[in-house]
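Reading the structure
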Amino acid sequence: MKDKIWLSSPHMGTSEQKYVQEAFETNWIAPLGPHVNGFEQDLQKYTGVAHAAVLSSGTAALHLALIEVGVGRGDYVLCQSFTFCGSSNPISYIGAHAVFVDSETETWNLDPKIVEAVLTVAQNPALAAKHPQIPVLPQMPKAVIAVDLYGVPAQLETLKEICARFNVALIEDAAEALGASHRGVACGAWGDLGVLSFNGNKIITTSGGGALISNRREYIDRARFLATQARDEAPHYQHSAIGYNYRMSNVCAAIGRGQMEVLDERVQARRANFNRYVDYFTKWNSKGFAIQFQPQLEGDFANRWLSCIWLNPAENKGISRETIREGLAADNIEARPLWKPMHMQPVHEGAQLVSNEPVGTLPICEKLFANGLCLPSGSNLTDVDFKRIFEVLDGIFKSA
Ligand SMILES: *Cc1c(COP(=O)(O)O)cnc(C)c1O
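What comes next is a walk through the structure. Remember, predicted model here, so these are calculated numbers, not experimental data.

The next point concerns the side chain of Arg 388. Looking at where Arg 388 falls in the secondary structure, it is placed in helix α11 (residues 383-398). A polar side-chain atom of Arg 388 sits 2.9 Å from the main-chain carbonyl oxygen of Asp 3. Apart from the residues lying within four places of it in its own chain, the contact partners of Arg 388 are Lys 2, Asp 3, Ile 5, Asp 331, Asn 332 and Ile 333.

Given below as structure tokens:
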């Protein structure tokens, strides 16, 4: 069996072990310490966001973000359906209602026009007749969760403007988008709160971890308090709120500090992977195939965490994403279908959906899922790996 080529595997730099060693030597083996503070400062500097708290995961960060903006049991939250469950699970932890929103074709992310229509009708049900496909929610949603999927920025400036106009909190799930930017401003910086992840498969990793970032100090101070079991000031353990054990350990933060030193290189490598795939498939497209790439807005900077393609078998001589996925798998190369939208998950059966269609479907993200594929995208892929990947793909396209 040939060595496995992974979809996206950890890629350490040269300083991580040194910083971990430092944590051991100083006995800061705790969910606080100098590397925690240092990693938070690194993230603030990199994103240009004033405050950051590093946490045990991106999902934990999103959970705290919802709590910070006041989402409680029974409240409504608009959430991009086309995402990983980490974006939406925290809505369920709280007992709030997720309203799943379709994507748009320009970035594959949250459709601002649908968000605007839902908020318009929720605020003024008298306007419902003008938007027959939009459900009238019984109350204004408390928050909107927008995702920069696969590191491609959503229409963040527009979403920010809409949320501000309706006085609804915007939470930017930039878990996949560290190093990307929209209109020259870092992903993660556009929401009232931004979420980052350092899970093992992300663009940089701390083995597991996440961060919550915001320009509002109160949000991040409160998040730190809640993330450490909500301990009031007292010599004994005293609690006036229910907290969580969500802080990042100083050992993991040590890895994070090392990874920050190579982040820009990792972004460059991922973007180079994407360009390589574009060049490769463009060659086939000039021979009668029609493979599409995840688009980005003009002038935006995607980190291309994962390189994603979309192909309709009817326009590609019967080749489907499964033909490609299985072909690669047979050579021990990992590829994966795009995220299965949250509204199609059994656990969310019966959830409220909104799209541009009157029926209960989200046609754009369903179509993306049906025919989309994430290709091997690690920043540690070698020329030899690419040679193997392209040989398998050549075999598939030549025999079509
Ligand atoms: C990875 C990810 C998360 C959650 O991050 P974890 O650190 O794995 O909890 C949330 N949203 C998206 C879109 C992600 O890809």
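This part covers the side chain of His 182. Among the secondary structure elements, His 182 is positioned in strand β6 (residues 181-182). Side chain to side chain, His 182 and Asp 300 meet in a polar contact 2.7 Å long. When neighbours within four sequence positions are excluded, His 182 is seen to be in contact with Pro 153, Ala 154, Gln 155, Leu 156, Glu 157, Trp 190, Leu 297 and Asp 300.

This part is about helix α3 (residues 58-68). Where burial is concerned, most of α3 is hidden: nine out of the 11 residues are buried. If you check which residues of α3 are buried, you get Gly 58, Ala 60, Ala 61, Leu 62, His 63, Leu 64, Ala 65, Leu 66 and Glu 68. The opening residue of α3 is Ser 57, an N-cap whose side-chain oxygen sits 3.3 Å from the backbone nitrogen of Thr 59. One or two steps after α3, the chain reaches Gly 70, where phi turns positive at roughly 90 degrees.

With that settled, consider the state of the cysteines. One pass over the full model with this rule turns up zero disulfides. Of the cysteine sulfurs around Cys 308, a residue in no disulfide, the closest is that of Cys 374, at 3.9 Å.

Turning our attention to the sheet that holds strand β14 (residues 372-375). Strand order in this open sheet of four strands is β10-β11-β14-β12, and the pairing throughout is antiparallel. Both edges of this open sheet fall to β10 (292-293) and β12 (336-337), since each of them pairs with a single strand only. In terms of strand pairing, strand β11 (residues 307-310) meets β14 through four bridges, oriented antiparallel. Note on β14: the bridge partner recorded for Cys 308 is Cys 374.

Next up on the list: the site of the ligand. Of all residues adjacent to the ligand, which total 15 residues, the nearest are Thr 59, Asp 173, Glu 176, Ser 197 and Lys 202. Asp 173 places a polar side-chain atom, nitrogen or oxygen, 2.7 Å from a nitrogen atom of the ligand. Of the residues that constitute the shell around the ligand, the class distribution is three nonpolar, nine polar and three charged.

Right, let's get into the pattern of salt bridges. The final tally for this structure, using the stated rule, is 19 salt bridges. Residue Arg 247 is joined to Glu 40 by a salt bridge in which the shortest nitrogen-to-oxygen separation is 2.8 Å. With Arg 247 in the loop between α7 (217-227) and α8 (250-285) and Glu 40 in helix α2 (residues 34-47), this residue pair connects regions lying 207 residues apart in the sequence. The salt bridge involving Glu 334 is made with Arg 336; its shortest N-O contact spans 3.3 Å. Classification of Glu 334 as buried rests on a relative accessible area of 18%. A single network of salt bridges, built from pairs that share partners, joins Glu 40, Arg 217, Asp 221, Arg 224 and Arg 247.

This part covers unusual backbone geometry. Not every positive phi belongs to a glycine, and Asn 27 is a case in point at roughly 60 degrees. Considering the arrangement of structural elements, one finds Asn 27 in the loop between α1 (16-25) and α2. You will see that Arg 183, though not glycine, has its phi angle at about 50 degrees, which is positive. On the secondary structure map, Arg 183 appears in the loop between β6 and β7 (185-186).

The next thing to look at is the environment of Ile 309. Tracing the backbone through its elements, the reader meets Ile 309 in strand β11. Residue Ile 309 is classed as buried on the basis of its relative accessible area, which comes to 1%. Sequence separation between Ile 309 and Leu 375 is 66 residues; the distance between their C-alpha atoms is 7.7 Å. In this structure Ile 309 touches Trp 108, Phe 281, Ile 291, Gln 292, Phe 293, Ile 324, Asn 371, Gly 372, Leu 373 and Leu 375, once residues within four positions along its chain are discounted.

About the cut-offs
- Every chain's residues receive numbers from 1 upward, in the order its sequence appears when written.
- Residue-level local features of this predicted model are given only where pLDDT is at least 70; pairs of side-chain atoms are given and counted only at 80 or more, and the full residue set underlies all totals for whole chains, interfaces and linings.
- With hydrogens and water set aside, each side-chain value is computed from the structure's full complement of heavy atoms.
- Only DSSP runs of H or I covering at least 4 residues are called helices, and only runs of E covering at least 2 are called strands; the numbering of each starts at the N terminus.
- Polar contacts here mean pairs of N or O atoms no more than 3.5 Å apart (in protein, one a potential hydrogen donor and the other a potential acceptor; neighbouring residues in sequence count only if both atoms are side-chain atoms).
- Here a residue-residue contact requires only that any non-hydrogen atoms of the pair lie within 4.5 Å.
- Think of it in three bands: with a 1.4 Å probe and only protein chains considered, a residue is buried below 20% of the maximum accessible area for its type, exposed above 50%, and partly exposed in between.
- Any cysteine sulfur atom paired with another within 2.5 Å is treated as part of a disulfide.
- Note on pairing: two strands pair once DSSP finds at least 2 bridges between them.
- One heavy atom within 4 Å of a molecule or strand makes the whole residue count as near it.
- Under the scheme applied here, ten amino acids are nonpolar (Ala, Val, Leu, Ile, Met, Phe, Trp, Tyr, Cys and Pro), four are charged (Asp, Glu, Lys and Arg), and all others, including Gly, are polar.
- Think of a salt bridge as a Lys or Arg side-chain nitrogen and an Asp or Glu carboxyl oxygen that are within 4 Å of each other.

These results come straight from atomic positions and should not be treated as a statement about function.
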